[in-house]
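# A closer look at the structure
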Amino acid sequence: MRRIFRPSPRLMTMLAAIVALLIVARVEAKSGDTYPRYMSPADRPAERTLMLATTTSVDATGLLDVLADAFKADTGVTLKWIAVGTGAALKQARDGNADVVIVHAKKLEDEFVRAGFGVNRRVFARNYFIVVGPADDPARIAGASTAADAFGRIRSAGLPFVSRGDNSGTHTRELDLWSRAGGKPSAAYLETGQGMAETLRVTAERRAYTLTDTATFQALKGLAGLVPLFESAPDLENVYAVIAVDPARVPTARYREAMTFIAFLTSPRGQKLIGEFKGQGDRPLFEPLARTPGVDLLK
């Protein structure tokens, strides 16, 4: 006679508990978790992060917040950053404090790459520098033929000029323009040692002139009396590049994540986000450049 197996009440209770746990785990996984919530913190996978040292303009405008959210959604990598001038950003990378950099001073970038600290430099966006000053334009720079000519007019008129003085990309371009204009003015020249936002505020307070990028200027409020006076000249093009830190020189650099970020910035999705970003204004602040026909990505 064949015996029929009848599970005991205790076994049935145990089986029900196991099924319940499996259902909970499945529901939680569907809610977006990559691991069950009852897993101990020690057993959970480490978060993938990427440390970026960046020029201030892409941070001050809010562009990085948009890019970071999309990058995390696409790749699962959390982007963290420190916003400083280009010179300071490259130093952070040299010191092992960043895995990737966003900068906009070709001369400094080339030195960084030649020294073996950076690899895979790619151009991904641009805007333009502008010379801003008081609306009545006492130096008459609006009629200048070039940016260097505009700087020369400011110096000749003995009018105040406010410089970042921080070895940033903007400061580097400013020094180049002073060199073309015959040298920095000996008087009425103030260095803030601060970022673009603070430098613009000081410029407005002193009714002075300064060099700034269009994105930061358009994004800031409270700059009463300060207006763009010289812009759209070929010598004011402002190109942004992204560079991975070379792990052969900086062993702690997260090269795989850095290359994933570079691929994202130069992808159709990343370029679309950059081109459509308007911040608080009504027009785009950056022009995507990585996929523009005829543009050299190493420009």
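Keep in mind it's a predicted model, so treat the numbers as computed, not measured. (Residues numbered from 1 in each chain as written. Predicted model: local features only at pLDDT ≥ 70, side-chain atom pairs only at ≥ 80, totals over all residues. Heavy atoms only, no water.)

### Digging into the pairing of strand β4 (residues 118-134)
The condition is simple: Relative accessibility decides the category of a residue: with a 1.4 Å probe and only protein chains considered, values under 20% of the type maximum give buried, values over 50% give exposed, and everything between is partly exposed. Secondary structure counts use DSSP, requiring at least four H or I residues in a row for a helix and at least two E residues in a row for a strand, with both numbered from the N terminus. Pairing between two strands requires that DSSP report at least two bridges joining them.
Summarising burial for β4: 13 of the 17 residues are buried, a large majority. In this sheet, strand β9 (residues 237-245) lies alongside β4 in antiparallel orientation, the contact comprising eight bridges. In the strand pairing of β9, Val-119 is matched with Ala-244. The pairing of β4 with strand β10 (residues 287-288) spans two bridges and is antiparallel. In the strand pairing of β10, Arg-126 is matched with Glu-287. Two strands pair when backbone bridges link them, and β4 and strand β7 (residues 210-213) are joined in this way by four bridges, in the antiparallel orientation. Looking across to β7, one finds that Val-131 is bridged to Leu-211. With four bridges joining them, β4 and strand β8 (residues 226-230) adopt antiparallel strand pairing.

### Focus on the layout of surface pockets
Let me state the cut-off plainly: Of the two site types, the cavity is a set of points on a 1 Å grid over the protein atoms alone where a 1.4 Å probe fits but cannot get out, and the pocket is an open set with protein on both sides within 12 Å along at least five of seven lines, each lined by residues with an atom within 4 Å of a point. Grid points are joined across faces, edges and corners, and a volume is the space filled by probe spheres set on the points.
Roughly 340 Å³ of internal volume is contained in the largest pocket. In this structure, the largest pocket is lined by 19 residues; those nearest its centre are His-104, Ala-105, Lys-106, Lys-107 and Arg-173. Of all the secondary structure elements, the ones that give two or more residues to the lining of the largest pocket are α5 (106-114), α7 (169-180) and β9. Take the lining of the largest pocket: its biggest share by element is six residues, from α7.

### Overview of the environment of Thr-61
For clarity, the cut-off: Polar contacts here mean pairs of N or O atoms no more than 3.5 Å apart (in protein, one a potential hydrogen donor and the other a potential acceptor; neighbouring residues in sequence count only if both atoms are side-chain atoms).
Along the chain, the position of Thr-61 falls in the loop between α2 (56-60) and α3 (63-75). When the C-alpha atoms of Thr-61 and Gln-218 are compared, they prove to be 8.6 Å apart, with 157 residues separating the residues in sequence. One polar contact links the side chain of Thr-61 to the main-chain amide nitrogen of Leu-63, over a distance of 3.5 Å.

### Some details on the side chain of Thr-170
Applied cut-off: For this analysis, residues touch if any pair of their heavy atoms sits within 4.5 Å.
Positionally, Thr-170 belongs in helix α7. The exposure class of Thr-170 is buried, given its relative accessible area of 2%. Those residues in contact with Thr-170 that lie beyond four places of it in its chain are His-104, Phe-129, Arg-164, Met-196, Leu-211 and Thr-212.

### What about the confidence of the model for the protein chain?
Short version of the rule: What pLDDT expresses is the predictor's confidence in each residue, scored from 0 to 100.
Across the protein chain, pLDDT averages 86, with 82% of residues at or above 70. Across residues 1-5 the pLDDT falls below 50, and counting only partners more than four positions away or on other chains, this stretch makes one contact in the model. Note that pLDDT drops below 50 for residues 19-44; the model gives that stretch 11 contacts with residues more than four away or on any other chain.

### Comments concerning the packing of helix α6 (residues 147-157) against α7
The criterion, for reference: The convention used is that axes are lines fitted to C-alpha atoms, helices contributing only their stretch in contact, and that angles between N-to-C directions extend from 0 to 180 degrees. When an angle is under 35 degrees it counts as roughly parallel; over 145 it counts as roughly antiparallel; between 65 and 115 it counts as roughly perpendicular; any other value is oblique. Each residue gets one label: Ala, Val, Leu, Ile, Met, Phe, Trp, Tyr, Cys and Pro are nonpolar, Asp, Glu, Lys and Arg are charged, and the others, such as Gly, are polar.
Running from amino to carboxyl end, α6 crosses α7 at an angle of 75°, the nearest separation of the two axes being 8 Å. Classed by the angle they form, the pair α6 and α7 counts as roughly perpendicular. In this structure, α6 contributes Ala-147, Ala-148, Phe-151 and Arg-155 to the contact, and α7 contributes Glu-174, Leu-177, Trp-178 and Arg-180. In terms of residue class, the contact of α6 with α7 is built from five nonpolar, no polar and three charged.

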